[in-house]
Amino acid sequence: MDKILEALVSSSHPLAVKRAIVKKVMEAAEKEATEEQCQALYHLTTRLILLGEDAFQRQVGLQVQEAYARYHRDEFARFFTKEYVLGLLQQGYGSLDRRDPAILDFLHSSLRLLISCPAVLELAPLLQTEVLRIICERPEPATCAKLATILTDFPQCVPREKAGVLFCQQLVRTFAYFHCPATEEQELREYVTQVTRVSVLLQGIWKAEPAMLLPSLQEVFAIISSTDPSFEPSIALASLVQHIPLQMITVLIRSLTTDQNVKDASMTQALCRMIDWLSWPLANHVDTWVIALLKGLAAVQKFTILIDVTLLKIEQVFNRLWYPIVRQAALVVLSHMLLSFQHSPEAFHLVVTHIVPLVKSLKNDGLPNSKTFLLQFAELVHCMMYQYSGFPDLYDSILESIKELPKPNEEKIKFVLNQSAWTSQSNSFASGLLKITGKSETGKTGLVNLGNTCYMNSIIQILFMATDFRRHVMSLHLNGSNTLMKKLQLLFAFLAHTQRAAYSPRSFLEVARPPWFTAGSQQDCSEYLRFLLDRLHEEEKTISALQVTSPKPEPATTSVETLQAAAGQPVTDMPSHPDPVAAKGDGRTLVERMFGGRLSTAIRCLQCHSLSEKEEPFTDLSLAFCPTMSKCHGPADEHKSSSSVRPCQGAVNGGSESSEGSVKEGAGAGMERPVVEPTLSVPDLVDYFLAPEILENENCYFCERCASLQRAKKVMQVVMAPEYLILTLLRFSYDATCHVRRKILDNVGIPLHMSLPLHQHGISASSSSSSDSPESGENLAKKLKPSQKEDGMTENRRNSETDDSNSEMLSVPYVLSSVVVHSGMSSESGHYYSYGRNASSTDGCVAHPCPKTLENSSLAEISPATQEEMGCADHKPMDWFLFNDSRVSFTNFDSLQNVTSRFPKDTAYVLVYRKQEVSGQPGSPGPVVNGSRLSGEPPLQKELMDAITKDNKLFLQEQELNARARALQATSASCSFRPNGSDDNEPPGSCGPSGGGGGGGFNTISRLVF
């Protein structure tokens, strides 16, 4: 058969005749053939494929080989041996060089014929070695692309372990040699396609083996930071950037900018080459990485590099604006470079002469996105001309060209400039105490950000502002112990009595960080709060069990004179307090007595009407957003409100806020955002949480009586109200498409007063879950709500059926104590800060039971006249505190209510309400809280006083040394990069120099997590 085929393809017969005979040869493949016949045919077809004189011969070789390999696979496996493959890859075939792409095409087609054959696995080790050798020889992009196709289809041929790391590094280095001399569009498109194919291979390897990512990135940096003048790496490396997880930005940039082994010259070269990557047409996220590196260098005050790179590359970045495919990313980088270069007009004046031609081109090019782009560009130009005024000869023609475009107001320009300065970038690598001198006028103490610890700082501050909890903690006698509660007590003592403006909670962080939290990374503050309370609860239970047979130690006495020396202030009469652990008498821990409540869940089968009830403890309620409530996932949708909002729940128009109000007004006016009143309130979310739920379809209930899945009705009721009610708004929803947690930015009205429905009915102990159940302390958001098919499915929590005739519902009043606000767009980024005030169980606004009609309403929903009648009319004194890491300032309740209206990324996340005592209500405990009467701050114990006294003396010494150092530095300071303007020009959640640890600023591009 091979002789016939060989004679046929070289004959002069018409092509149609040849094709008909070839078809007969292929049909003959179904018949039996000897080993020799098959081997002869495989050798012939291989020669035709690789050395065929024309396309017909190569096509015949492929068709016949595929036909015979399908029916005689074992014979083909014996033909395509390791030795044969090795010869092809190392010696070539006949006149074909081993580097010829045709060799790899033949290898790929042959492997596909053996795809389900064990022979592929036998060839894999050989191919792993050979592909590494080929990559080390720096092949051309076409060869690399074909090799990438093979490895993508046959991942078992990708080198593994150490060889895999070396393969990735060598493949990255090969990218650096992917230069394209082509000038024709078709050739350029083919080149980009080849590079993309190879980058996709690397992406697949990184996903399958994450350990190979970091060595690959180290190789990338080694290449782009090379100062060898004879070597210029290809910008094809830019195609790798889009495959690097954005979550790694913070860690990688911090590592690069703080590595003492990276010289300034190498860092300058690396940054310049990353800016060159903006020219690569298909690379995503290049601008994000460039700006992250620029911010990282600013954070460690490497201003020389920033100045050199800006002056060297600013014109090149500007020139990228002429090309629509890379225009938007180039504008992002250009904006950051110009706005942050605020000590001199030199960088802006390098591009001034190019502005008018670009504006004219954008007006006339007719592209759909040009108008939007032109508005953004004009805003940038206005900001720069405002910053460097006094050059009319340069600016007149520019103003004429953009005169019909909107001009940002002065407040917005100031805001943008202040947030963009190098000195406003995140600086978590430097000491947070550099600027601290003494306590603010609030008398409260901030907490130093130790590197993305704002989640912990905000939680500590709201626990400290939980007055009764703080007093109980401070009254515990824990001398000599090394427990977490002791660490918390010491931290509370410093917050109350230190002379520092901000205290560093490093020792507490070391023992209170959850094991799964990565040091230096942003975390979820709600998760941290739950972990902390659980640790304190379990610790106290353990200690109580160990001390059952031990004698109770005598309480320590406190010297008033020592307290005066430690706190630096006179001590007023403070009552002595019994040990609350001894006084509780009910066996509950402090966490249970302060934050613990109980939730009853009743499920009634709608088929047999049997009822199943269970009681479980909780320390917080996680409130989900109803799909019909939450319509938006972005700040823009918050302007759609059209319905009227109840009194006292909307934004305050035009009011200032003492130390920060004028700043917020300015920022809000600059952004030209309308004041939007919330359409949701916290009571709405509580109603939704407690609303009856129909379990049906995929969520059917397994009824034990029916012994099958049945439709059922589920009702949740609070049967024991906690002293402090913690509410977590579930603002982060998982996006399965992008594999990220997105934030729900709905504005939620926060009432100062609200009530919680409490159902008192008996549930037998046997049907109640233990407090140590696996679900203890956790509340799952309801995912299925009642359908419209059932009667009564839209009833609210007041009218929900409990099926318990003996149930009595009470309305428990609560007053707002503190709120943690999250500023940012996702749970993995942004910033936490908190509002708090001193709220106790005897706060005067709720002195008698709420009217029956107000059982489920916050006082924010009551008319002003009614509020005044109840003694709870809105007040605007500065009785609230804003805790933003190191900074503490006065604020008021209006600021808290309207923070999301003014700054859409800043949303309430965790709320703490204090239960109010209601005089005249049966069973009211009066001033006694769970057996412990605490009406004032407990006296400091000697061990705590000694620690505070020692630290205060050290603080005075530090102040003296800092004053001397500043005096010496003042004479040698040559320049300042700080922009004009006040330190206070930020929203409350911004991360400027006064924000306690710093950050990327409000509404800046790709702000860094801190």
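Residues numbered from 1 in each chain as written. Predicted model: local features only at pLDDT ≥ 70, side-chain atom pairs only at ≥ 80, totals over all residues. Heavy atoms only, no water.

1. With respect to the overall build of the protein
- Within the protein, the regular secondary structure consists of 35 helices and 20 strands.
- Taking contacts inside the protein between residues at least 6 apart in sequence as the whole, the part at least 24 apart equals 79%.
- Summing over all exposed atoms, the protein offers an accessible surface of approximately 44800 Å²; the carbon and sulfur share of this is 53%. (Helix = DSSP H or I, 4+ residues; strand = E, 2+ residues; numbered from the N terminus. Contact = heavy atoms within 4.5 Å. Areas by Shrake-Rupley, 256 points an atom, 1.4 Å probe, with all protein chains shown as cover.)

2. A few points about the sheet that holds strand S3 (residues 597-605)
- What the four strands build is an open sheet, ordered S4-S3-S10-S7; its pairing is antiparallel. At either end of the open sheet lies a strand with only one pairing partner, and these are strand S4 (611-618) and strand S7 (693-695). Each neighbouring strand pair of the sheet contributes to a mean axis angle of 25°, computed without reference to strand direction.
- Two strands pair when backbone bridges link them, and S3 and S4 are joined in this way by eight bridges, in the antiparallel orientation. Of the residues in S4, the one forming a bridge with glycine 597 is phenylalanine 618. (Pairing = 2+ DSSP bridges. Axes fitted to C-alpha atoms, helices over the stretch in contact; angles between N-to-C directions.)

3. A look at the pattern of salt bridges
- This structure, assessed with the given rule, holds 24 salt bridges.
- The residue glutamate 943 makes a salt bridge to lysine 486 at a minimum N-O spacing of 3.2 Å. Linking glutamate 943 in helix H35 (residues 942-972) with lysine 486 in helix H24 (residues 484-497), this pair joins segments that are 457 residues apart in sequence.
- Residue classification places lysine 486 among the buried positions, given a relative accessible area of 7%.
- A network of salt bridges, in which partner residues are shared, links Arg98, Arg99, Glu130, Arg133 and Glu137. (Salt bridge = Lys/Arg side-chain N within 4 Å of Asp/Glu carboxyl O. Buried < 20%, exposed > 50% of the residue type's maximum accessible area, 1.4 Å probe, protein only.)

4. With respect to the packing of helix H19 (residues 370-387) against helix H20 (residues 392-401)
- Where H19 contacts H20, the two axes come as close as 12 Å, and the packing angle between them is 150°. Classified by the angle their axes make, H19 and H20 are roughly antiparallel. For the crossing formed where H19 meets H20, the hand is left-handed. Facing Val381, His382 and Met385 of H19, the residues of H20 in contact are Tyr395, Ile398 and Leu399. (Parallel < 35°, antiparallel > 145°, perpendicular 65-115°, else oblique. Left-handed = near helix turned anticlockwise from the far one by under 90°.)

5. What to know about the packing of aromatic side chains
- One pass over the structure, following the stated rule, counts 26 aromatic pairs.
- Aromatic side chains tyrosine 42 and phenylalanine 79 sit 5.6 Å apart centroid to centroid with 40° between the ring planes, which places their arrangement in the tilted category. With tyrosine 42 in helix H3 (residues 35-51) and phenylalanine 79 in helix H5 (residues 73-79), this pair connects stretches of sequence that are 37 residues apart.
- The exposure class of tyrosine 42 is buried, given its relative accessible area of 1%.
- With a centroid separation of 6.3 Å and an interplanar angle of 85°, the aromatic rings of phenylalanine 469 and phenylalanine 492 are classed as edge-to-face. Residue phenylalanine 469 is found in helix H23 (residues 467-475), and its partner phenylalanine 492 is found in helix H24; the two are separated by 23 residues along the sequence. (Phe/Tyr/Trp six-rings, centres within 6.5 Å; stacked < 30°, edge-to-face > 60°.)

6. Quick look at a nonpolar patch on the surface
- Taken together, the side chains of Leu282, Trp322, Tyr323 and Ile325 make up a nonpolar region of the molecular surface, amounting to roughly 420 Å² of accessible area.
- Positionally, tyrosine 323 belongs in the loop between helix H16 (303-319) and helix H17 (324-340). (Patch = residues over 30% accessible without salt bridge, like charges linked within 9 Å, V, L, I, M, F, W, Y side chains within 5 Å.)

7. Quick word on the nonpolar core
- Core analysis: the biggest nonpolar cluster contains 153 residues, and Phe80, Phe175, Phe348 and Phe377 have the highest contact counts within it.
- Considering each element in turn, this core owes the most residues, ten residues, to helix H8 (residues 118-136).
- Non-local contacts of phenylalanine 348, meaning those with residues more than four positions away in its chain, are made with Leu338, Ile355, Val381, Met384, Met385, Tyr388 and Tyr395.
- Formed by 57 residues, the second largest nonpolar core is a distinct cluster that contains Leu509, Phe517, Val910 and Leu944. (Core = buried A, V, L, I, M, F, W, Y, C linked by side-chain atoms within 4.5 Å.)

8. Side note on H24
- Helix length check: H24, at 14 residues, gives a terminal C-alpha distance of 20 Å against a target of 20 Å (1.5 Å per residue), a fit within 8%.
- Restricting attention to buried positions, one finds in H24 the residues Leu484, Met485, Lys486, Leu488, Gln489, Leu491, Phe492, Ala493, Phe494, Leu495 and His497. (Expected span 1.5 Å × (residues − 1).)

9. Description of the packing of helix H22 (residues 454-464) against helix H26 (residues 525-546)
- Interhelical geometry of H22 versus H26 gives an angle of 55° and a closest axis separation of 9 Å. The angle between H22 and H26 places the two elements in the oblique class. The two elements H22 and H26 meet at a crossing, and its hand is right-handed. Across the interface between the two elements, Tyr455, Met456, Ser458, Ile459, Ile460 and Leu463 from H22 touch Cys525, Tyr528, Leu529 and Leu532 from H26.

10. Focus on unusual backbone geometry
- Despite not being glycine, histidine 609 has its phi angle at roughly 65°, a positive value.
- Among the secondary structure elements, histidine 609 is positioned in the loop between S3 and S4.
- Not every positive phi belongs to a glycine, and aspartate 885 is a case in point at roughly 55°.
- Secondary-structure assignment places aspartate 885 in the loop between strand S18 (880-884) and strand S19 (887-891).
- Accessibility expressed as a relative area gives 4% for aspartate 885, which makes it buried.

11. A short note on helix H12 (residues 213-224)
- Taking 1.5 Å as the rise per residue, H12 with twelve residues should run 16 Å; its terminal C-alpha atoms sit 17 Å apart, in good agreement.
- For H12, the full list of buried residues reads Leu213, Pro215, Ser216, Leu217, Glu219, Val220, Phe221, Ile223 and Ile224.
- Contact partners of the buried residues in H12: helix H10 (161-175), helix H11 (185-208), helix H13 (249-258) and helix H14 (264-276).

12. Here we look at the state of the cysteines
- If you walk through the whole model with that rule in mind, you get zero disulfides.
- Note on cysteine 700: no disulfide assigned, nearest cysteine sulfur contributed by cysteine 605 at a separation of 9.7 Å.
- Owing to a relative accessible area of 26%, cysteine 700 belongs among the partly exposed residues under this scheme. (Disulfide = S-S within 2.5 Å.)

13. Considering the environment of tyrosine 724
- Positionally, tyrosine 724 belongs in strand S11 (residues 724-729).
- Of note is the side chain of tyrosine 724, whose polar atom sits 3.0 Å from the backbone nitrogen of aspartate 468. (Polar contact = N/O pair within 3.5 Å; in protein donor to acceptor, adjacent residues only side chain to side chain.)

14. So, the pairing of S18
- For S18, a buried count of five out of five residues is recorded, marking the element as mostly surrounded by other parts of the structure.
- Burial along S18 is two-sided: the face carrying Trp880, Leu882 and Asn884 and the face carrying Phe881 and Phe883 are both buried.
- Sheet topology places S18 next to S19; five bridges connect them, and they run antiparallel. In the strand pairing of S19, asparagine 884 is matched with arginine 887.

15. Section: the confidence of the model for the protein
- Across the protein, the average pLDDT comes to 75, with 73% of residues at 70 or higher.
- Across residues 844-875 the pLDDT falls below 50, and counting only partners more than four positions away or on other chains, this stretch makes 62 contacts in the model. (pLDDT = per-residue confidence, 0-100.)

16. Some points on the pairing of strand S16 (residues 808-823)
- For S16, a buried count of 13 out of 16 residues is recorded, marking the element as mostly surrounded by other parts of the structure.
- As judged from the eight bridges shared by strand S15 (residues 753-760) and S16, these two strands associate in the antiparallel manner. Residue pairing in the sheet places histidine 759 in a bridge with methionine 809 of S16.
- As paired strands, S16 and strand S20 (residues 906-915) are joined by nine bridges and run antiparallel to one another. In the strand pairing of S20, valine 815 is matched with arginine 914.
- Across six bridges, S16 lies against strand S17 (residues 831-836) in antiparallel orientation. Residue pairing in the sheet places valine 821 in a bridge with tyrosine 833 of S17.

17. Comments concerning the environment of glutamine 607
- Looking at the secondary structure, you find glutamine 607 in the loop between S3 and S4.
- Distance from glutamine 607 to arginine 711, taken between C-alpha atoms, is 7.2 Å for residues 104 residues apart in sequence.

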